[in-house]
Amino acid sequence: MRSSIHIIFSIFFLVSCSTKENQKEEPQESTSTQFVFNSNKELGKENLSDYNFFRGKLAELSPNENAHPYQLNSALFSDYAYKARFLQLPEGKSADYHPTEVMEFPVGSILIKNFYYPNDFSKPKGKRKILETRLLIHEEGGWKALPYVWNDEQTEAYLEVAGATKSISWRDVEGNPQKINYSIPNMNQCRSCHLKGNKIMPIGPSARQLNGKYDYAENGEQNQLQYWKEHGLLSNLPKGNLPKLVNYENENAPLADRARAYLEINCGHCHRPEGPAKNSALHLMASEDNPAAWGEGKTPIAAGKGSGGLKYDIVKGNADQSILHFRMESTAPGIMMPELGRKMVHKEGLTLVKQWINEME
């Protein structure tokens, strides 16, 4: 593995420095957890191609028979990056259905998420540049998160436990040029976002997120849960109506359902009773039915400067006086939420949540 010990030492040094800097600021809630990496333990394969997920040219992301594509009804915002997701299960094994949480995946399962930008967002299937691939690998001791960084030639992605920064430019759907320095998380950041209790867990592939249609190359459009069942990927799928999370981009869905779905996928993995931000007492899973728990009239517990001098997480009918809205529209470290995974404001998501708060009665 390329310079593994040097990279691991660098992460430890950077995390230590960051901790000292944060001590100078006023107290605020934290969703990060620090880890010490064991340089004697094999982390993962050096090259993405070594896993044999894809056939042909790697950048085409054409899955082999053992890698199955999927998508989520409501996807995490990551500075407008597109994602191509795949699941690989060990031969002869299947995931077990769960009605509320992510599926129960067997040891040996791998979740594969590729982040890319089309050159022109009005032509999403046109030329693109892949920046990173994140793997979640289920081992005997639990899940392991690994970041792989693609080279500029788009011929390979390499394991980089320290993460990376990549410059990327594109044209948005209105034809305007956009450019950012895209951040690829290090292993510590990957782990911290995926913590549930004291264990790393997947975030996206739940029944509610997978209960939607996908256009499969060989089968055409089909419900993903039914596809998983028919192809031996999922066991114990019940009959009848199944839980479903709405697509927050679907303007025909109820406004509250869309906003709650947005907050769940972007914030709920931390803001839940078992999440890293449990000390905030702000619970943003869409299944939470207590308005005070998701912020209505709730005073912050540990927001620090993230409160912006505002008094309540959500002020019904007034987004501009709501801490939730204030933190979503910021890109300042120590204020913005989510605190990892973005450098840009998600304009459409902010507009959605603002409208939801303003229309509360």
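Before reading on, note that the structure itself is shown above.
Residues numbered from 1 in each chain as written. Predicted model: local features only at pLDDT ≥ 70, side-chain atom pairs only at ≥ 80, totals over all residues. Heavy atoms only, no water.

1. Remarks on the environment of M187
- Looking at the secondary structure, you find M187 in helix α2 (residues 187-193).
- Note: C-alpha distance between M187 and A162 (25 residues apart in sequence) is 6.6 Å. (Helix = DSSP H or I, 4+ residues; strand = E, 2+ residues; numbered from the N terminus.)

2. Section: helix α7 (residues 347-358)
- Between its terminal C-alpha atoms α7 stretches 16 Å, which fits the 16 Å expected from 12 residues at 1.5 Å a residue.
- Those residues of α7 that fall on the buried side of the exposure criterion are G349, L350, L352, V353, W356 and I357. Across the axial projection of α7, the buried residues extend over an arc of 160°, all falling on one side. Exposed residues pointing more than 90 degrees away from the buried face of α7 are listed as K347 and T351.
- Structurally, α7 contributes buried residues whose contacts are with α5 (255-268) and α6 (323-328). (Expected span 1.5 Å × (residues − 1). Buried < 20%, exposed > 50% of the residue type's maximum accessible area, 1.4 Å probe, protein only. Arc of directions from axis to C-beta. Contact = heavy atoms within 4.5 Å.)

3. What to know about the side chain of H283
- Looking at where H283 falls in the secondary structure, it is placed in the loop between α5 and α6.
- On the basis of relative accessibility, which here comes to 18%, the residue H283 falls in the buried class.
- Residue contacts for H283: discarding those within four places in its chain leaves H271, R272, P273, E288, A293 and W294.

4. Things to note about the packing of α5 against α7
- Viewed as axis vectors pointing N to C, α5 and α7 meet at an angle of 130°, and their least axial separation amounts to 9 Å. With respect to each other, α5 and α7 are oriented oblique. Two packed elements cross with a definite hand, and for α5 against α7 that hand is left-handed. Two secondary-structure elements touch here, α5 through L255, A256, R258, A259, R260, Y262 and L263 and α7 through G349, L352, V353, Q355 and W356.
- Split into classes, the residues belonging to the contact of α5 with α7 amount to 8 nonpolar, 2 polar and 2 charged. (Axes fitted to C-alpha atoms, helices over the stretch in contact; angles between N-to-C directions. Parallel < 35°, antiparallel > 145°, perpendicular 65-115°, else oblique. Left-handed = near helix turned anticlockwise from the far one by under 90°. Nonpolar A, V, L, I, M, F, W, Y, C, P; charged D, E, K, R; others polar.)

5. Points about the sheet that holds strand β9 (residues 157-159)
- Spatially, 6 strands are ordered β3-β4-β6-β7-β8-β9 in an open sheet, and the strand pairing comes out antiparallel. The strands lining the two open edges of the sheet, one partner per strand, are β3 (67-70) and β9. Between one strand axis and the next, the sheet turns by 25° as a mean value, whatever way the strands run. (Pairing = 2+ DSSP bridges.)

6. Brief notes about the pairing of strand β11 (residues 177-184)
- Where strand β10 (residues 164-171) lies against β11, 8 bridges are found, and the strand directions are antiparallel. Each residue of the ladder has a partner; that of T165, found in β11, is S183.
- Here β10 folds back onto β11 in antiparallel fashion, the turn holding 5 residues, of which G175 has a positive phi close to 90°.

7. Some thoughts on the packing of aromatic side chains
- What the rule picks out here adds up to 17 aromatic pairs.
- A centroid spacing of 5.8 Å and a plane angle of 85° characterise the contact between Y51 and Y148, whose relative ring orientation is edge-to-face. With Y51 in the loop between α1 (4-22) and β1 (54-55) and Y148 in strand β8 (residues 142-150), this residue pair connects regions lying 97 residues apart in the sequence.
- The exposure class assigned to Y51 is buried, which follows from its relative accessible area of 11%.
- Residue classification places Y148 among the buried residues on the basis of a relative accessible area of 0%.
- Taken together, a centroid distance of 6.1 Å and an interplanar angle of 90° make the contact between Y70 and W228 edge-to-face. One end of the pair, Y70, is in strand β3; the other, W228, is in helix α4 (residues 224-230), and 158 residues separate them in sequence.
- Looking at Y70, the relative accessible area reads 6%, which means it is buried.
- Judged by its relative accessible area of 1%, W228 falls in the buried class.
- Clustering of aromatic rings is evident, with ring pairs tying together Y82, Y116, Y117, F121, W170 and Y182. (Phe/Tyr/Trp six-rings, centres within 6.5 Å; stacked < 30°, edge-to-face > 60°.)

8. Some words on unusual backbone geometry
- Cis geometry is adopted by the peptide bond preceding P338, which originates at M337 and carries an omega value of -5°.
- Among the secondary structure elements, P338 is positioned in the loop between α6 and α7.
- Residue D79 is not a glycine yet carries a positive backbone phi of 55°.
- As for its placement among the helices and strands, D79 is situated in the loop between β3 and β4 (82-88).
- Residue class for D79 comes out buried when judged on its relative accessible area of 2%.

9. Details of the pattern of salt bridges
- Applying the stated criterion across every chain, the model contains 10 salt bridges.
- For D152, the salt bridge goes to K129, with nearest N and O atoms at 3.6 Å. Of this pair, D152 sits in the loop between β8 and β9 while K129 is found in strand β7 (residues 128-139), placing the two residues 23 residues apart along the sequence.
- Here K144 and E139 are joined by a salt bridge, their closest N and O atoms 2.7 Å apart. (Salt bridge = Lys/Arg side-chain N within 4 Å of Asp/Glu carboxyl O.)

10. A few points about the nonpolar core
- Counting residues in hydrophobic clusters, the biggest one holds 60 residues, and the most contacted among them are M103, F105, Y117, Y182, W228, L263 and W356.
- Among the elements that make up this core, the one with the highest residue count is α5 (6 residues).
- Sequence-distant contacts of Y182, defined by excluding residues within four places in its chain, comprise S78, A81, F115, Y117, L131, E132, R134, A164, T165, K166 and I168.
- One finds F53, F86, L146 and L159 within the second-largest nonpolar core, a separate group that totals 22 residues. (Core = buried A, V, L, I, M, F, W, Y, C linked by side-chain atoms within 4.5 Å.)

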